[in-house]
Amino acid sequence: MTNTNSALSGRDLDEARIRELVARSQEAQTDPEVLPALHTDDVVIINIAGRRLFGREAFASAMAGALSSPLKNVRTTLEVEKIGFAGPDTAIVSLTKTVHDERPEAQEASELPLKGAMSYVLTRDGGDWRIALAQTTPIG
């Protein structure tokens with residue numbers, strides 16, 4: 001990937017890197033090797049269905065299970081609404097998550113909400129941002 005951030009500095013560079021992290025997390029949603037690596041070791045994840053996971057290993061295991069089930073046909077898209085900073089190495093990202101349920105049986109009626117208000121808490125690890133918390137609340 002070409003680095004387009006060479007002219008940016010400070011908060012602008014942080015925001016660009018955070019947007020890249022969000023894009024990478026969306027692109028890697030079916031890659032059980034890449035997506036967990038974008039998270040901290042002690043990540044907390046609460047998904048749109050309310051399931052809570054503690055730690056990168058638990059997340060990787062749940063992801064592998066989902067990808068070997070009909071859930072592999074459910075993908076999501078993320079839209080960044082706002083990026084804020086709680087400190088120099090902590091960012092809070094507000095997103096809208098849209099669920100695309102492409103399972104054949106989902107044509108009748110999906111039990112999954114189709115939209116969610118998502119929040120990421122990110123921490124800086126060296127020069128990289130990592131997801132420390134990902135929480136999604138269904139939007140009716």
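For every chain, the first residue of its written sequence is number 1, and the numbers climb from 1 along that sequence. It should be noted that, the model being predicted, local features are given only for residues of pLDDT at least 70 and side-chain atom pairs only at 80 or more, the latter also being counted only at that level, while totals for whole chains, interfaces and linings use all residues. Only hydrogens and water are set aside when side-chain values are computed; all heavy atoms of the structure are taken into account.

Some points on the sheet that holds strand β2 (residues 52–54)
Then comes step 1: Should DSSP find at least two bridges between two strands, the strands are taken to pair. Labels follow the DSSP assignment, with helices taken as runs of H or I lasting at least four residues and strands as runs of E lasting at least two, numbered in each case from the N terminus. Strand order in the open sheet formed by 6 strands is β2-β1-β6-β5-β4-β3, with mixed pairing between adjacent strands. In this open sheet, the two strands that pair with only one neighbour each are β2 and β3 (74–87). This sheet shows a mean twist of 20 degrees between the axes of neighbouring strands, independent of strand direction.
Then comes step 2: Alignment of strand β4 (residues 90–101) against strand β5 (residues 115–125), held across 9 bridges, turns out to be antiparallel. When the sheet's bridge partners are listed, L95 is paired in β5 with M118.
Then comes step 3: Sheet strands in contact with helix α3 (residues 56–67) are β1 (39–46) and β2, and its direction is about 60 degrees off that of β1. Think of each axis as a best-fit line through the C-alpha atoms, taken over the contacting stretch in the case of a helix, with angles from 0 to 180 degrees between the N-to-C directions. Contacts are residue-level and defined by heavy atoms, with any inter-residue pair within 4.5 Å sufficient.

Considerations on the pattern of salt bridges
Then comes step 1: A carboxyl oxygen of Asp or Glu within 4 Å of a side-chain nitrogen of Lys or Arg is what we treat as a salt bridge. Going through the model one piece at a time under the given rule, you end up with 5 salt bridges.
Then comes step 2: D14 is the salt-bridge partner of R124, the closest N and O atoms lying 2.8 Å from each other. Of the two residues, R124 sits in strand β5 while D14 sits in helix α1 (residues 10–27), which places them 110 residues apart along the sequence.
Then comes step 3: The exposure class of R124 is partly exposed, given its relative accessible area of 24%.
Then comes step 4: For D128, the salt bridge goes to R130, with nearest N and O atoms at 3.9 Å. Exposure is judged per residue with a 1.4 Å probe applied to protein chains only, and the accessible area is read against the type maximum: over 50% gives exposed, under 20% gives buried, and values in between give partly exposed.

As for α3
Then comes step 1: Given the number of residues in a helix, its expected span is that number minus one, multiplied by 1.5 Å. With 12 residues, α3 extends 16 Å between its outermost C-alpha atoms, agreeing within 8% with the 16 Å of an ideal straight helix rising 1.5 Å per residue.
Then comes step 2: Taken together, the buried positions of α3 are F59, A62 and M63. For α3, the angular spread of buried residues about the axis comes to 100 degrees, placing them on one side. What points out from α3, more than 90 degrees from its buried face, is the exposed set E57 and S61.
Then comes step 3: Contacts made by the buried residues of α3 are with α2 (34–37), β1 and β2. When we speak of the arc, we mean the arc of directions from the helix axis to the C-beta atoms.

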